[in-house]
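As a plain string of letters, each chain reads:
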Number of protein chains: 2
Amino acid sequence: MTTIAGTDPRTGMTTDITDETTTDEVARLARAAAAAAGPFEAAGRGFRATLLRAIADEVESRRDLIVATADRETAIGPTRLNGELTRTAYQARLFADVLDEGSYLEATIDHATDTPMGPGPDLRRLLVPIGPVAVFGASNFPLAFSVPGGDTVSALAAGNPVVVKAHSSHPATSLAAFEAMTTAARRVDAPEGVLGIVFGQAAGAALVADPHIKAVGFTGSLGGGQALLDIISRRDEPIPFYGELSSLNPVVVTEEAAAARGAAIGTALAESFTVSAGQLCTKPGLVFVPTGDAGDTLAAAAAAAVGDAGAPVLLNERIFSSFGEISSRAEGLNAVSVLARGGAPTGEGFGVTPLLLSIPAAELTARATEECFGPMTIIARYDNTDELHTAIAALPSSLTGTIHAEDGEIERVSELTNLLRAKAGRVLYNGYPTGVLVSWAQTHGGPWPATNTLHTSVGTTAIRRFLRPVTWQNAPEFALPAELRDSYDTIPRRIDGRFVVPTQS
Amino acid sequence: MTTIAGTDPRTGMTTDITDETTTDEVARLARAAAAAAGPFEAAGRGFRATLLRAIADEVESRRDLIVATADRETAIGPTRLNGELTRTAYQARLFADVLDEGSYLEATIDHATDTPMGPGPDLRRLLVPIGPVAVFGASNFPLAFSVPGGDTVSALAAGNPVVVKAHSSHPATSLAAFEAMTTAARRVDAPEGVLGIVFGQAAGAALVADPHIKAVGFTGSLGGGQALLDIISRRDEPIPFYGELSSLNPVVVTEEAAAARGAAIGTALAESFTVSAGQLCTKPGLVFVPTGDAGDTLAAAAAAAVGDAGAPVLLNERIFSSFGEISSRAEGLNAVSVLARGGAPTGEGFGVTPLLLSIPAAELTARATEECFGPMTIIARYDNTDELHTAIAALPSSLTGTIHAEDGEIERVSELTNLLRAKAGRVLYNGYPTGVLVSWAQTHGGPWPATNTLHTSVGTTAIRRFLRPVTWQNAPEFALPAELRDSYDTIPRRIDGRFVVPTQS
């Protein structure tokens, strides 16, 4: 049996944490999840809301232990990790609210009526859970995108058992979070098998191949996602794979914005691409800045901030070596110049030097727009609008696109909005893409290669990924889910084509 | 250049219709579709509703020509084809209503507010079109699931240009319907490139591989769907494939229902599995009937109706030979007996003999539950509930599951509902699965192998397949789509977590 070890990224020292999950055990967990699916759905929305709130409570009640463990395994630091834990609990409770509110069910009633095609039957539609979901934890969010994270709580909210594949970057954190979740599950008397966890790459592959698993949620690299997609393509039954994969997150600064507040933007950008050691999916990886004095001021402010930055520690050896490779390659490109370097690492662990590069926008190549996970960004200097628009049009799609502009730049901002909206799931104005609020209107997604789905993985609508529609035709009332009975009136429903919303207190 | 010929299934005689589309022409059409995407979306919901209504009008204005052409190419008969044309026009107009109503946009506004994670930005979310869609026409619905069919109008409604691959079973019908659509498009001055059509298998493959195509809608065989999925897996950018693929559509008759109305059920079932020559995706392919006298009465009535049935003509040579193979294989199974045969075909064209088989439910095998497109069904006789439930649990998933039961069979019907709901997208009571109303609450979908999607392909929510979410963060009002501005109040929106529905007249 292979041992799963955790690594302290600050020192590179490893500690044995648990055993790799055997394929027999993976199969057992998937079977148990499948067996739990019926009882878990039957327990109802109210029960699942209670479970999610209990999970939030248990995670919060172990805040100190979980944050300390995660910090030791990720070097992310207690401030960000405390915030992440707060967000993780908030997210679980928000999905409990989604269950209470009930419109996610898309309850729809068409009473029997005459149609141009003849008499129509009584049809009633509701979204139902799809079955056990495999969730792959992310390296860079040991809580909010991992064991107790958004994929897990949205799949649970939808009514599906979840088996998590713990990320190798934080096995002890994963265990601690899982322990909080199973305690919550026991406290509310959830069906056995609703929660499972596996460790090790082979176990993850076996999980995705298991016929009881009906969908996969994944946040990670394009390569990792592709490997799981290959496993899915060999299954008898194909299943949805929701992958959040890669994102450059371009930022565009207009001439006027640079002139009005170039230094402030430069300083804030440096913060945005170095926070969490640049290991955020929404890190700005490419910043379009005009040539000329205003742009120079912006670049100089960013360079000064980077020069003052310390040497952050990356999450793991793979990210560390990948950062070294990609940043060296970018630095070595012909048209690229180095604007600033941050502090030098001690030599122990996975510390790296933040890096700010510059390139003429006209010289941008696919190499220069490769995602680089870690504290590096490239400033692309543009001479005119044509050059800027051509460069944006050539970019790969991202999770976000950001515009910095001044009031009154209506035509310019409208054009940039159109260009960036075609390539992103979120368009921001005069802000920075890092920081993704969990809310009803959030989209954390985007065209390939940002993701491979038409759904968000953050925010309330993430639940739709784990549901499928069912219609009951001429059903006797007792055979209908409660939410589809005529007398039920506490959730928004569409009745004969019109939304009917409960009276709100 | 290869010629595309239509075949009269009643005689097997072919007529040249058009040329196979060259791969250069496919590429040109896909480019034109991509170029039209921006202007088509910008033209707005109102414009697209007008286009859809114009399409409905033009299709109806050519009713006689289109029905006569389709009948010659499909042998489906003018009654069903007239009904199908009516449904096709109704469907286009219903999607126009969906556009007017506007809730499909899922417009969501979260005003800036304080959160446990700190101040949250203003976030506004809307679904936007994904880009050009390739639609593969189905053999068995030359209108409603083909050129002017549900995939096409839902993709257009969403705001996407469409390139249709005409089915080889009805090229002249496809041309006539396409002519109606392009006339409508010209009449309302739609952007060039919004509609395209290609002919030939190689052209279809090139279309799916084309990088400008962003989704594929397909109704057809599992094998055909798999071939397109293989092409998609070789694309640089994976795209969603919405396939409606295969369906057995089990029907369960309880002992009490058989006793109360066995003969009527038997007669109606025979009608349901022979209508349209049994070439409906929702044809009941397996009927669970209790052993004993009541079940015997049901089987005898079905057998009598089948014995009186003529020899219908199948759509094309592939379906004709496939029906011969699969029905012979089923008939030859050890435990199977022949209950009835319909009339014998004349020998010309693709006429076949309807076939009613019987098997003990305990003897059901994968061979016996293989989908057989055409006028054949199998009655599976069950001795008791355990046998019935075991047999249902072993079935592949379907588009539909049907229960015939009497009032008061509450426990039995509840159990059967649970069993069938797990395996179907629509559960029907005391009816027959053929006939799929286009409405708000409809689901035409189901777990694999019925489909490979979590969406319906019939009914208003089919539009969701061709949309993706975008969120605007702290956007100036002018940069927002009209539907996300504070002052816009004519569509249902979620504002700060609550549904706000316009006052309904």
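(A) Local environment of the overall build of chain A. Of regular secondary structure, chain A possesses 13 helices and 21 strands. The globule rule puts the C-alpha radius of gyration for 505 residues at 23 Å, and the 24 Å found for chain A is close to it. Based on the C-alpha atoms only, the size of chain A along its principal axes is roughly 75 × 60 × 45 Å. Every one of the 505 residues in chain A was classed for burial, and the buried ones make up 58%. Put simply, 75% of the contacts in chain A that link residues at least 6 apart link residues at least 24 apart.

(B) Broad picture of the sheet that holds strand β10 (residues 215–219) of chain A. Residues and elements named next belong to chain A. Strand order in the open sheet made by the five strands is β9-β8-β7-β10-β11, with parallel pairing throughout. Only two strands of the sheet have a single neighbouring strand rather than two, namely β9 (195–198) and β11 (241–244). Each strand axis lies, on average, 15° off the axis of its neighbour in the sheet, ignoring direction. Bridge count between strand β7 (residues 133–136) and strand β8 (residues 162–165): four bridges; the pairing is parallel. Within β8, the residue paired with Val135 across the bridge is Val164. Helix-sheet contacts for helix α1 (residues 23–42) involve β8 and β9, and the interaxial angle to β9 is about 160°. Across the sheet, helix α7 (residues 201–209) is in contact with β7, β8, β9 and β10; its angle to β8 comes to roughly 150°.

(C) Layout of the sheet that holds strand β14 (residues 337–341) of chain A. One open sheet holds the 12 strands; their spatial order is β14(A)-β15(A)-β16(A)-β13(A)-β12(A)-β17(A)-β18(A)-β19(B)-β6(B)-β3(B)-β20(B)-β21(B), and the pairing between them is mixed. Since the sheet does not close on itself, it has two edges, and those belong to β14 of chain A together with β21 (498–500) of chain B, each with one partner. Neighbour to neighbour, the strand axes of the sheet diverge by 20° on average, direction disregarded.

(D) Just the interface of chain A and chain B, in detail. Taken together, the contact pairs 64 residues of chain A with 64 residues of chain B. Those elements giving two or more residues to the side of chain A that touches chain B turn out to be α4 (78–101), β3 (108–110), β6 (123–129), α13 (410–421), β18 (426–429), β19 (467–473) and β21 (498–500) of chain A. For the side of chain A that touches chain B, the element with the most residues is β19(A), which contributes seven residues. For the side of chain A that touches chain B, the residue count by class is 30 nonpolar, 24 polar and 10 charged.

(E) Focus on the relation of the copies chain A and chain B. Each copy superposes on the other: chain A lies on chain B with an RMSD of 0.0 Å after a rotation of 180° and an axial shift of 0.0 Å. One copy is carried onto the other by what is essentially a two-fold rotation axis. Nearest to the rotation axis, the C-alpha of Val501(A) is located 3.8 Å from it, this being the minimum over chain A. The share of interface residues of chain A whose copies in chain B are also at the interface is 100%, consistent with both copies meeting through the same surface.

(F) Quick peek at unusual backbone geometry. Cis geometry is found at the peptide bond from Trp448(A) to Pro449(A), where omega equals 5°. Structurally, Pro449(A) can be placed in the loop between β18 and β19. A positive phi angle, near 50°, is found at Glu106(A), a position not held by glycine. Accessibility expressed as a C-beta count within 10 Å gives 19 for Glu106(A), which makes it partly exposed. Positioned with a positive phi, Ala277(B) is a non-glycine residue whose angle comes to about 55°.

(G) A look at the environment of Val163(A). Residues and elements named next belong to chain A. For Val163, the location among the structural elements is in strand β8. Taking the C-alpha atoms as reference points, Val163 and Ile197, separated by 34 residues in sequence, lie 5.3 Å from one another. Those residues in contact with Val163 that lie beyond four places of it in its chain are Leu29, Ala30, Ala33, Pro132, Ala134, Gly196, Ile197, Val198 and Leu207.

(H) Just the environment of Phe350(A), in detail. Residues and elements named next belong to chain A. Within the fold, Phe350 resides in the loop between β14 and β15 (355–360). Residues Phe350 and Glu317, 33 residues apart in the sequence, show an inter-C-alpha distance of 6.6 Å. Not counting the four nearest positions on each side in its chain, Phe350 is found in contact with Pro9, Val313, Leu314, Asn316, Glu317 and Phe320.

(I) Region of the structure containing the pairing of strand β12 (residues 250–253) of chain A. Residues and elements named next belong to chain A. Residues Pro250 and Val252 line one face of β12 and the alternating positions Val251 and Val253 line the opposite face, and both faces are buried. Pairing of β12 with strand β13 (residues 286–290) involves three bridges; the strand directions are parallel. Residue Pro250 lies in a different strand from β13, and its bridge partner there is Leu286. Note on the crossover from β12 through helix α9 (residues 255–274) to β13: the handedness is right-handed. Strand direction decides the pairing type here: β12 and strand β17 (residues 400–404), joined by three bridges, are parallel. Bridging across to β17, Val251 finds its partner in Thr402.

(J) The nonpolar core, seen in detail. Counting residues in hydrophobic clusters, the biggest one holds 324 residues, and the most contacted among them are Leu52(A), Phe288(A), Ala380(A), Leu52(B), Phe288(B) and Ala380(B). Dropping the residues within four chain positions of it, Phe288(B) is found in contact with Pro250(B), Val251(B), Val252(B), Val253(B), Ala361(B), Ala380(B), Tyr382(B), Leu388(B) and Ala391(B).

(K) Expanded view of helix α5 (residues 150–158) of chain B. In terms of burial, α5(B) is largely enclosed, as nine of its nine residues are buried. Residue Gly159(B) follows α5(B) closely and has a positive phi angle near 110°.

(L) The arrangement of the confidence of the model for chain A in detail. Summing up the model confidence of chain A, the mean pLDDT is 96 and the portion of residues at 70 or higher is 99%. In the predicted complex, the global pTM is 0.97; the interface-specific ipTM is 0.97.

(M) Looking closely at the pairing of strand β2 (residues 14–19) of chain A. Residue and element names in this part refer to chain A. Along β2, only zero of the six residues are buried, which leaves the element largely exposed. In this structure, strand β1 (residues 3–7) lies alongside β2, joined through five bridges in antiparallel fashion. Bridge assignment links Gly6 to a residue of β2, and that residue is Thr15. Where β1 folds back on β2, the antiparallel hairpin that results is connected by six residues, among which Gly12 adopts a positive phi of roughly 80°.

(N) The packing of helix α2 (residues 44–61) of chain A against helix α6 (residues 171–187) of chain A, seen in detail. All names here are of chain A. One way to put it is that α2 packs onto α6 with a least axis distance of 8 Å and a crossing angle of 135°. Taken together, the axes of α2 and α6 are oblique relative to one another. α6 is crossed by α2, and the crossing has right-handed handedness. On α6, the residues touching Leu51, Ala54, Ile55, Asp57, Glu58 and Val59 of α2 are Ala177, Ala180, Met181, Thr183, Ala184, Ala185 and Arg187. A per-class count over the contact of α2 with α6 returns nine nonpolar, one polar and three charged.

(O) How the structure looks around the environment of His212(A). Looking at the element boundaries, His212(A) is found in the loop between α7 and β10. Along the backbone, His212(A) and Arg412(A) are 200 residues apart, and their C-alpha atoms lie at a distance of 51 Å.

(P) Structural detail: the packing of helix α3 (residues 63–74) of chain A against α6(A). Residues and elements named next belong to chain A. Two elements in contact, α3 and α6, have axes separated by 8 Å at closest approach and are oriented at 160°. As judged from the angle between their axes, α3 and α6 are roughly antiparallel. As for how α3 packs across α6, the hand of that crossing is left-handed. Facing α3, whose interface residues are Leu65, Ile66, Thr69, Ala70 and Glu73, α6 presents Ala172, Thr173, Ala176 and Ala177.

Criteria and thresholds
Residues numbered from 1 in each chain as written. Chains lettered and ligands numbered in written order. Predicted model: local features only at pLDDT ≥ 70, side-chain atom pairs only at ≥ 80, totals over all residues. Helix = DSSP H or I, 4+ residues; strand = E, 2+ residues; numbered from the N terminus. Rg over C-alpha atoms; globule rule 2.2 N^0.38 Å. Buried ≥ 20, exposed ≤ 12 C-beta atoms within 10 Å, placed from the backbone. Contact = placed C-beta atoms within 7 Å. Pairing = 2+ DSSP bridges. Axes fitted to C-alpha atoms, helices over the stretch in contact; angles between N-to-C directions. Nonpolar A, V, L, I, M, F, W, Y, C, P; charged D, E, K, R; others polar. Least-squares fit on C-alpha atoms with pLDDT ≥ 70 in both. Right-handed = clockwise from strand over helix to strand, strands pointing away. Core = buried A, V, L, I, M, F, W, Y, C linked by C-beta atoms within 7 Å. pLDDT = per-residue confidence, 0-100. Parallel < 35°, antiparallel > 145°, perpendicular 65-115°, else oblique. Left-handed = near helix turned anticlockwise from the far one by under 90°.

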